[in-house]
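Next come the chains, spelled out residue by residue.
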Amino acid sequence: MFPAQPLLVEDNESANSHHGHGQNSFPKAFWLVPFTRNPRFVGRSQSLFQLETNLFGEDRRPTVAIVGLGGVGKTQIALEFAYRVRSKHPKCSVFWVPASNIENFEQAYREIGRQLGLADDGENKEDIKKLVQHHLSQESAGQWLLILDNADDIDMWFKRTDTSTKLTCLMDYLPRSSQGSIVFTTRSRKSGARFARENVIQVVEMDENIATQVLRNSLINKELLNNRHVVVQLLRQLTFLPLAIVQAAAYINENGISLLEYLLLLDNREEDIIEVLSEDFEDEGRYQDLKNPVATTWLISFEQIRVRDSLAADYLSFMSCIDPKAIPQSLLPPVRSRKKMVDAIGTLSAYSFISKRPADQSFDLHRLVHLATRNWLREQDLLAEWTSKAIARLADVFPESDSGNRTLWRIYLPHVQYVYASDLFQENLEGSLVLLQKFGLCLLRDGRWNEAEKSFMQVVETKKRILGQENPSTLTSIANLASTYRNQGRWKEAEGLEVLVMETSVRLLGQQHSDTLASMGNLASTYRNQGRWNEAEDLEVQVME
């Protein structure tokens with residue numbers, strides 16, 4: 001995890017002092033950071049200013065957490081800050097601890113202990129954690145900064161284990177000193193708040209200009225950036241996410257393609273896009289044992305959520321099967337406990353997977369997280385199951401087509417359209433008939449004739465196959481299709497269907513049945529629209545009598 005020879009920086013005054021700090025000596029400034037400085041680093045001035053102010057300002061706060069979506073650049077901000085501290089505060093030791101699991105944490109502490117001259121490599125690893133904690137908690141250790149990177153697993157830090165004499169947790173091994181500062185990086189805002197209370201720095205997506213600079217710094221051929229329109233389109237597709245931008249640049253560099261060619265790769269089938277976003281790449285500023293590509297960077301977060309909050313995992317799975325934008329809270333699968341629902345939504349928000357819309361009770365799911373979650377479900381053979389659940393839930397909540405429900409159906413329509421486009425929906429129209437019919441009627445009410453026609457055609461064909469052409473339910477659906485034709489001005493097609501419905505209705509139900517009379521009224525309306533007044537009048541008189 002660390003270079004074989006970690007760099008040791010000393011002040012001039014302390015260069016000749018003994019390794020153990022004598023009374024008149026100055027402590028050495030240690031530098032234990034596994035990465036070289038990122039020459040491509042740009043922006044993030046606000047986050048860096050907050051770190052400097054919080055940790056080295058007059059109103060000092062000893063612990064800060066950097067929080068944000070995986071791939072948003074938290075590690076890079078911490079790394080840049082470490083190098084700035086090194087040049088601005090040369091007497092401050094800097095220690096970097098990879099904190100994704102206990103093994104990495106302990107290995108880093110052993111390395112710190114060795115540098116501090118506290119123990120040999122063979123020393124008991126439990127002791128070394130305590131020795132490092134005790135040593136850095138002494139004022140004689142001088143000024144230090146401890147960076148704990150990727151502290152995502154909250155249980156690892158706060159779960160107490162029996163160490164034969166007393167219960168301890170990993171938090172107990174963090175030093176405390178008036179001259180010490182601790183920075184956590186974590187994907188979870190809930191974890192960040194546990195670590196640093198209110199001292200949380202939320203890292204948001206980059207703006208267009210900074211994202212363009214990241215792309216420029218990562219590309220070999222700078223001329224590729226000449227087409228500003230394509231640059232902006234590509235950055236939007238990559239959601240301005242630094243990891244996705246660096247990954248795209250690496251692929252473009254290796255394959256000698258243009259930005260437009262890469263953009264076209266992202267405009268393919270979902271499985272093809274995942275293949276592009278799963279392409280591994282070399283990045284000196286990331287750990288060797290962690291997956292770099294965008295498509296896999298969130299897998300560790302998915303697993304943590306699944307273990308810690310199963311309802312949040314269910315919600316994420318459900319949301320990945322509907323449109324990622326403007327997901328109303330009322331559409332989520334219902335649960336008995338309101339607190340569990342609030343906690344689950346809080347978990348997804350804490351990982352920056354969803355963002356709440358301030359105006360209403362709805363969320364947006366990050367577009368690349370939506371894609372990665374679908375891939376995660378596909379790999380576990382769960383995508384069809386969750387798509388079925390989404391279809392069933394929409395069938396339950398989607399309203400009838402009376403005009404009082406218009407606001408509600410317009411909220412749900414994009415999500416019905418999303419499942420409607422899925423292979424599962426198209427392959428199982430029989431199981432989706434209720435939703436398909438409601439969907440068509442609302443489209444008809446909204447004047448979206450072409451879309452309504454497509455859904456009514458499918459309803460009619462499916463009902464003919466299952467129930468037969470003369471079933472009353474099939475006839476109602478044929479009448480709906482005819483109504484769509486009439487609204488499109490396709491009088492002859494409308495008339496043909498309406499005559500069929502009327503004649504079948506007269507034969508099966510009798511001339512005075514309300515369904516028959518309704519079909520006669522529809523046909524009269526079509527005659528009237530064609531200027532065939534006498535035929536229209538004959539039918540209307542019959543209906544009236």
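The preceding data block contains the structure.
Here's a quick rundown of the structure.

The rules behind these values
Residues numbered from 1 in each chain as written. Predicted model: local features only at pLDDT ≥ 70, side-chain atom pairs only at ≥ 80, totals over all residues. Heavy atoms only, no water. Helix = DSSP H or I, 4+ residues; strand = E, 2+ residues; numbered from the N terminus. Expected span 1.5 Å × (residues − 1). Buried < 20%, exposed > 50% of the residue type's maximum accessible area, 1.4 Å probe, protein only. Axes fitted to C-alpha atoms, helices over the stretch in contact; angles between N-to-C directions. Parallel < 35°, antiparallel > 145°, perpendicular 65-115°, else oblique. Contact = heavy atoms within 4.5 Å. Nonpolar A, V, L, I, M, F, W, Y, C, P; charged D, E, K, R; others polar. Left-handed = near helix turned anticlockwise from the far one by under 90°. 1 Å grid on protein atoms, 1.4 Å probe; cavity = no way out; pocket = protein on both sides within 12 Å on 5 of 7 lines; lining within 4 Å. Points joined across faces, edges and corners; volume = space filled by probe spheres on them. Core = buried A, V, L, I, M, F, W, Y, C linked by side-chain atoms within 4.5 Å.

Between the first and last C-alpha of helix α20 (residues 433-445) there are 18 Å, a value that for 13 residues agrees with the 18 Å anticipated at 1.5 Å per step. Among the residues of α20, those classed as buried are Leu433, Leu435, Leu436, Gln437, Lys438, Phe439, Gly440, Cys442, Leu443 and Leu444. Looking one or two residues past α20, Gly447 carries a phi angle of roughly 75°, positive in sign.

We now examine the packing of helix α11 (residues 270-277) against helix α16 (residues 367-379). Running from N to C, α11 and α16 cross one another at 105°; their axes reach a closest spacing of 11 Å. When the interaxial angle is binned, α11 and α16 end up roughly perpendicular. On α16, the residues touching Glu270, Glu271, Ile273, Ile274 and Leu277 of α11 are Leu368, Leu371, Ala372, Arg374, Asn375 and Arg378. Per-class residue counts for the contact of α11 with α16 are 6 nonpolar, 1 polar and 4 charged.

The next point concerns the side chain of Ser477. Along the polypeptide, Ser477 turns up in helix α22 (residues 472-487). Apart from residues lying up to four places away in sequence, Ser477 is in contact with Gln437, Val459, Val460 and Lys463.

Next up on the list: the packing of helix α1 (residues 45-56) against helix α2 (residues 74-88). Relative to each other, α1 and α2 sit at 50°, their axes nearing to 10 Å. In terms of orientation, α1 lies oblique with respect to α2. Once α1 is placed against α2, the crossing between them reads as right-handed. Contact with α1, carried on its side by Ser47, Leu48, Leu51, Glu52, Leu55 and Phe56, involves Ile77, Glu80, Phe81, Arg84, Val85 and Lys88 of α2 and no other residues of that element. A per-class count over the contact of α1 with α2 returns 7 nonpolar, 1 polar and 4 charged.

On to empty space enclosed by the protein. Inspection of the entire model under this criterion finds 3 cavities of 30 Å³ or more. Lining the largest cavity we find 10 residues, and of these Phe30, Leu116, His135, Leu136 and Ala141 sit closest to its centre. Elements supplying a minimum of two residues to the lining of the largest cavity: β4 (93-98) and α4 (125-136). Among the residues forming the lining of the largest cavity, the class breakdown is 6 nonpolar, 3 polar and 1 charged.

Counting 124 residues, the largest nonpolar core has Leu215, Tyr262, Trp298 and Phe353 as the members making the most contacts within it. Per element, the largest residue contribution to this core is 8 residues, and it comes from helix α9 (residues 242-255). Formed by 32 residues, the second largest nonpolar core is a distinct cluster that contains Leu148, Ile154, Leu174 and Ala196.

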